[in-house]
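Results of the structural survey
Spelled out, the chains give:
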Amino acid sequence: MADILLTAVINKSIEIAANLLVQEGTRLYWLEEDIDWLQREMRHIRSYVDNAKAKKVGGDSSVNNLLKDIQQLAGDVEDLLDEFLPKIQQSNKFICCLKTVSFADEFAMEIEKIKRRVADIDRVRTTYNITDTSNNDDDCIPLDRRRLFLHADETEVIGLEDDFNTLKAKLLDQDLPYGVVSIVGMPGLGKTTLAKKLYGHVRHQFECSGLVYVSQQPRAGEILIDIAKQVGLTEKERKENMENNLRSLLKIKRYVILLDDIWDVEIWDDLKLVLPECDSKIGSRIIITSRNSNVGRYIGGDFSIHVLQPLVSENSFELFTKKIFTFDNNNNWANASPDLVNIGRSIVGRCGGIPLAIVVTAGMLRARERTERAWNRVLESMGHKIQDGCGKVLGLSYNDLPIALRPCFLYFGLYPEDHEIRAFDLTNMWIAEKLIVVNSGNRREAESLAEDVLNDLVSRNLIQVAKMTYDGRISSCRIHDLLHSLCVDLAKESNFFHTEHNAFGVPGNVSRVRRITFYSDNNAMNEFFRLNPKPTKLRALFCFTKDNCIFFQMAHLNFKLLQVLVVVTPYDCFFSIPNTFGNMSCLHYLRFEGGIIGKLPNCMVKLKRLETLDIGNSLTELPTGVWKTTQLRHVRYKGFSQASNCCFSIIHVFPNVYSNNLQTLMWMNDEFFEPRLLHRLINLRKLGIRGVSDSTVKILSALSPVPKALEVLKLYFFVVPSEQIKLSSYPNIVTLHLNGRMRLNSEAFPPNLVKLTLFQFEVDGHLVTVLKKLPKLRILKMVWCKHMEEKMDLSGDGDSFPQLEFLHIREPFMLSEVTCRDDVSIPKLKKLLLKDGTSNVRLSERLAKLRI
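The numbers attached to residues start from 1 for each chain and follow its sequence in the written order. Local features are withheld for residues below a pLDDT of 70 in this predicted model, meaning they are given only at 70 or higher, and side-chain atom pairs are given and counted only at 80 or more; totals for whole chains, interfaces and linings count all residues. Heavy atoms from the whole structure form the basis of all side-chain values; hydrogens and water molecules are not counted.

1. Some details on the overall build of the chain
- Every helix listed is a DSSP run of H or I at least four residues long, and every strand listed is a run of E at least two residues long, numbered separately from the N terminus. For the chain, the count of helices and strands is 28 helices and 29 strands.
- Whether a residue is buried, partly exposed or exposed follows from its accessible area with a 1.4 Å probe, protein chains only, as a fraction of its type maximum: under 20%, in between, or over 50%, in that order. Out of the 852 residues in the chain, the part that is buried amounts to 53%.
- Here, residues are in contact when the closest pair of their heavy atoms is within 4.5 Å. Considering only residue pairs separated by 6 or more positions, the chain has 64% of its internal contacts joining residues 24 or more positions apart.
- For the chain, the exposed area adds up to about 38,500 Å²; of that, 49% sits on carbon and sulfur atoms. A 1.4 Å probe and the Shrake-Rupley method give the accessible areas. Residues count as covered only by the protein chains that appear here.

And the structure:
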């Protein structure tokens, strides 16, 4: 697990090297040689660690001890870089030379110590003959349970009947593109079991067939030999020109082949050179299973993809029942007490619909007495027991991740189970901790790369998408409980992060904790800070708590390397912010949510590296000097009070204070809005204004030039404006949120508007007519709107809502019917959601079919 820390060191050394390059000509430039050495050495060590894992898994304690030494070295190097980087960024040719030389000399001396430690690790490796880190014995093939299972007789599926029928129909469809079906999903869902049943059910309809296990380390030659045997090549044909003979046979025979557990596309590129295309008139077919949706998409296209989902509760309990009573004559609960049945259902619920977890748990229970006491003990310790049983299967997916993605995946474990996590939070925290780094240092490139990483994790079926944006991007996501437990276990092993439950196991471990999360145990939080009064190695602190003691700790402790701080409290309790914070000079990301009340202390303006300040879902107020934090990129806050908004008045004192880095500003008070704000914030992409006045309406309507970067605009009106808003000159605004009452005409809307939310509006026939004509509108939400006409008719003259896909109406007032009288209006509508207070709203026949 040292690879994660080594990757962090490499990323940070790249950033330091970039800073030194900028400062060529200063006394710091000569340190570039040390940084280059450090970067090169860490890369070599990371390669060694990657190779050494195989021997560690095999149980070689000497390799294990060496890896621990490397992990500790990497952690100490990261500490050094995290302390040195801020000094590099602050230094320039105007700084006192003596001060610059002092910390530069100190850094150089630390590098020399690192060189000695690297040399000592190499001495240990050679002295004790810890040199062979790879397994070169090609003749030694370990026993593979998956390979054996593929050829076992058991093909019964429970709860997957609908999946089976869908796949069978797709497989036998004469027009199936590429002749491929791809069964994909997270580990443990039963992909192989389902594929085996499908293969067994249809193979008699083909002239020849074969099923092979591909695995994570495939050998194309062995796979082709296996296929050749099963489809009928003679021994002579397999020995002489086997590839050509196999291809020739499969060109003339109708075949079906199951390729189980494909991990990457490279093996398919090898196999397809021999396997003929199977979308010909012959009608051959290929079935694949993979954990990676992109692999299935690459082989068979989008239409081939069938994503397997967890079982629903009743099917889960049916599978559990079958496995519990495997050796019983009566396969039922007739002799069990109602309490035992309830415990059984609770146990099944903890398995999260994952068949592998259900089977593992049933196996544990079969080895115990069928009593309430025995089963309750299993229920209480289920997380660890299931993880032990499924760990190897789940761990394969983690090991398949590129090294750079592993810490990003582990980050999900910092949140509680079943937590819906915003993509915005993840990407900005990854960037804050330099888990995502681009050589150019360009923030947009880093955000784009972070989005790619998240999409990759989703494609690998390690992460589940919860919500999507209008343009198909991930808005929020979740991680399955089993994979969450995997994150927690792997993070502890690598010292990436700890939880409230595992931070106290090893003496001295507390002081080395780099990230910690508290889900619920308030006493654990107090104990952690009591044992670690100087949390100087802490990079990230997550608190999901009902106890406000965290704010007491923030007021008094030194968090000098803390980069991410997240505090989430209940909304029905109030938590006061202290008047001062301890040292958080490296903080990049701050998020408060819940009943957190008060004003952020003025010491926050000293946080020169703060990039994300998200207090929008709390009662927290901004400090007056917050705009001195020139690295700010995202600011979210409610902006209700005068205290929060007075920070904007600083424009009158320091007219150039606004940062070009700012991308998000939600919300600001109307009285501080003025044209030069948008002229200065040239990178602003999201803006919210509360209490919009006639003056602001005039400014927005007449602004020239319009801000090119602005994509999202939210306006909250307290009173009805006398002015008509005109946003038709804003070509890049795609999302518009209007809260309040006003008269709108076609000029009110940006020409490329995709998503529109109307909140507390008066909706009449004129407004509906205007909305019908919006050429690119795909999502329309009407929330708490007063409908001036009981019937809302969505019909038109063939051009009504030409692109609308989703219509959401919530708590309408005076609306009794929504209708569409023809089949040509709203041609692309896919979903109609009526929510809260809509039970009496009638729908025309066509719209009723689209209701969700």
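2. A look at the packing of aromatic side chains
- Stacked, edge-to-face and tilted labels apply to pairs of Phe, Tyr and Trp rings (six-membered ring for Trp) whose centres lie within 6.5 Å, assigned for plane angles under 30 degrees, over 60, and everything in between, in that order. The tally for this structure, following the rule as stated, stands at 18 aromatic pairs.
- Between F84 and F107, the aromatic rings sit 3.8 Å apart at their centres with planes inclined by 15 degrees, giving stacked as the arrangement. Of this pair, F84 sits in helix α3 (residues 61–90) while F107 sits in helix α4 (residues 97–127), placing them 23 residues apart in sequence.
- For the ring pair F529 and F559, a centre distance of 6.1 Å and an interplane angle of 85 degrees mean the geometry is edge-to-face. With a gap of 30 residues between them, F529 in helix α22 (residues 522–531) and F559 in the loop between α23 (549–556) and β12 (564–568) connect regions that are remote in the sequence.

3. Examining the confidence of the model for the chain
- Confidence in the prediction of the chain, expressed as mean pLDDT, is 84, and 87% of residues score 70 or more.
- pLDDT expresses how confident the predictor is about each individual residue, on a scale running from 0 to 100. This model gives residues 135–143 a pLDDT under 50, and the stretch forms three contacts once residues within four places in sequence are excluded.
- In the predicted structure, residues 650–657 sits below a pLDDT of 50 and forms 14 contacts with residues beyond four places in sequence or in another chain.

4. Considering the nonpolar core
- Within the largest apolar cluster, 101 residues are counted, with the highest numbers of intra-cluster contacts made by L541 and F592.
- Residues in contact with F592, not counting those within four places in the same chain, are F551, M554, L565, V567, I577, F581, L600, D614, I615, N617, S618 and T620.
- Core analysis: the next-biggest nonpolar cluster, separate from the first, contains 98 residues, L176, Y411, A446 and V453 among them. Within this scheme, the nonpolar core is defined by two criteria: the residues are buried Ala, Val, Leu, Ile, Met, Phe, Trp, Tyr or Cys, and they are joined through side-chain atoms within 4.5 Å.

5. Here we look at the sheet that holds strand β2 (residues 208–215)
- By the convention used here, strands pair only if DSSP detects at least 2 bridges between them. Ordered in space as β2-β3-β4-β1-β5, the five strands form an open sheet in which the pairing is parallel. Unpaired on one side and paired on the other, β2 and β5 (305–307) mark the two borders of the sheet. For this sheet, the mean angle separating the axes of adjacent strands, direction not counted, is 15 degrees.
- One ladder, built from five bridges, connects strand β1 (residues 180–184) with strand β4 (residues 285–290); its direction is parallel. When the sheet's bridge partners are listed, V181 is paired in β4 with I287. The axes used here are C-alpha line fits, helices contributing only the stretch in contact, and every angle between their N-to-C directions lies in the interval 0 to 180 degrees.

6. Quick look at the sheet that holds strand β7 (residues 464–468)
- Spatially, the three strands line up as an open sheet ordered β6-β8-β7, and their pairing is antiparallel. With one partner strand each, in any of the chains shown, β6 (421–422) and β7 form the two edges of the open sheet.
- Taken together, the four bridges between β7 and strand β8 (residues 474–478) define a ladder with antiparallel strand orientation. Its bridge partner lying in β8, Q464 is registered against R478.

7. Examining the pattern of salt bridges
- A side-chain nitrogen of Lys or Arg and a carboxyl oxygen of Asp or Glu constitute a salt bridge if their distance falls within 4 Å. All chains considered together, the criterion is met by 46 salt bridges.
- We note a salt bridge from D120 to R123, for which the minimum N-O separation is 2.9 Å. Of this pair, D120 and R123 are both found in helix α4, three residues apart, which corresponds to roughly one turn of the helix.
- For D120, a relative accessible area of 38% translates into the label partly exposed.
- D425 is paired through a salt bridge with R422; the nearest N and O atoms lie 2.8 Å apart.
- On the basis of relative accessibility, which here comes to 2%, the residue D425 falls in the buried class.
- Through salt bridges that share partners, K12, E78, D79, D82, R514, K537 and R539 make up one connected network.

8. Concerning the environment of P750
- Structurally, the position occupied by P750 is in the loop between β20 (735–739) and β21 (755–759).
- The class of P750 is buried, set by a relative accessible area of 2%.
- C-alpha separation for the pair P750 and P731, spaced 19 residues apart in sequence, amounts to 6.1 Å.

9. Describing unusual backbone geometry
- Cis geometry marks the peptide bond from M666 to W667; its omega dihedral reads -15 degrees.
- Within the secondary structure, W667 sits in strand β17 (residues 664–669).
- Cis geometry marks the peptide bond from S704 to P705; its omega dihedral reads -5 degrees.
- With respect to the helices, strands and loops of the structure, P705 is situated in the loop between α26 (694–702) and β19 (712–716).
- Despite not being glycine, N241 has its phi angle at roughly 55 degrees, a positive value.
- With respect to the helices, strands and loops of the structure, N241 is situated in the loop between α9 (235–239) and α10 (242–252).
- Given the relative accessible area of 46%, N241 is considered partly exposed.
- In this model, N461 sits at a positive phi of 60 degrees, which is unusual for a non-glycine residue.

10. Side note on the pairing of β1
- Counted residue by residue, β1 has five buried out of five residues, so it is predominantly covered.
- Burial of the side chains of β1 extends over both faces: V180, S182 and V184 are buried on one face and V181 and I183 on the other.
- Bridge count for β1 against β5 is three bridges, and the pairing is parallel. In the strand pairing of β5, I183 is matched with H306.

11. Re helix α16 (residues 372–380)
- Three or more residues of α16 are buried, namely A374, W375, V378 and L379. Viewed along the axis of α16, the buried residues span an arc of 140 degrees, placing them on a single side of the element. Residues of α16 that are exposed and point more than 90 degrees away from the buried face comprise R373, R377 and E380. The arc in question is traced by the directions running from the helix axis to the C-beta atoms.

12. Brief notes about a nonpolar patch on the surface
- Candidates for patches are residues over 30% relative accessible area with no salt bridge; among them, like charges are joined within 9 Å and nonpolar side chains (Val, Leu, Ile, Met, Phe, Trp, Tyr) within 5 Å. Taken together, the side chains of F574, I597 and L619 present a nonpolar region at the surface, about 290 Å² in accessible area.
- Structurally, the position occupied by F574 is in the loop between β12 and β13 (575–576).

13. Considering the packing of helix α13 (residues 313–324) against helix α14 (residues 338–350)
- Packing of α13 against α14 leaves a shortest axis separation of 10 Å and a crossing angle of 115 degrees. In terms of orientation, α13 lies roughly perpendicular with respect to α14. Crossing hand, α13 versus α14: right-handed. Residue-level inspection shows E314, S316, F317 and F320 of α13 in contact with α14, the latter providing V341, G344, R345, I347 and V348.
- Classifying every residue of the contact of α13 with α14 gives five nonpolar, two polar and two charged. Throughout, the term roughly parallel applies to angles under 35 degrees, roughly antiparallel to angles over 145, roughly perpendicular to angles from 65 to 115, and oblique to all others. Two helices that cross are described as forming a left-handed crossing if the nearer one is turned anticlockwise from the farther one by less than a right angle, and a right-handed crossing if clockwise. Three classes are used, and their members are as follows: Ala, Val, Leu, Ile, Met, Phe, Trp, Tyr, Cys and Pro are nonpolar, Asp, Glu, Lys and Arg are charged, and the others, Gly among them, are polar.

14. Looking at the side chain of H480
- Along the polypeptide, H480 turns up in the loop between β8 and α21 (481–494).
- A residue is classified by how much of its surface remains accessible, and H480, at 9% relative accessible area, is buried.
- Each residue touching H480, except ones within four places of it in the same chain, is listed here: M186, C351, G352, I354 and Q464.

15. Some words on the packing of α14 against α16
- Look at α14 against α16: their axes get within 10 Å of each other, and the N-to-C directions meet at 15 degrees. Relative to α16, the element α14 is oriented roughly parallel. As α14 runs across α16, the sense of the crossing is left-handed. When α14 is examined against α16, the residues D339, L340, I343, G344, S346, I347 and R350 are found in contact with a partner set consisting of E372, W375, N376 and L379.
- When the residues that make up the contact of α14 with α16 are grouped by side-chain class, the tally is five nonpolar, three polar and three charged.

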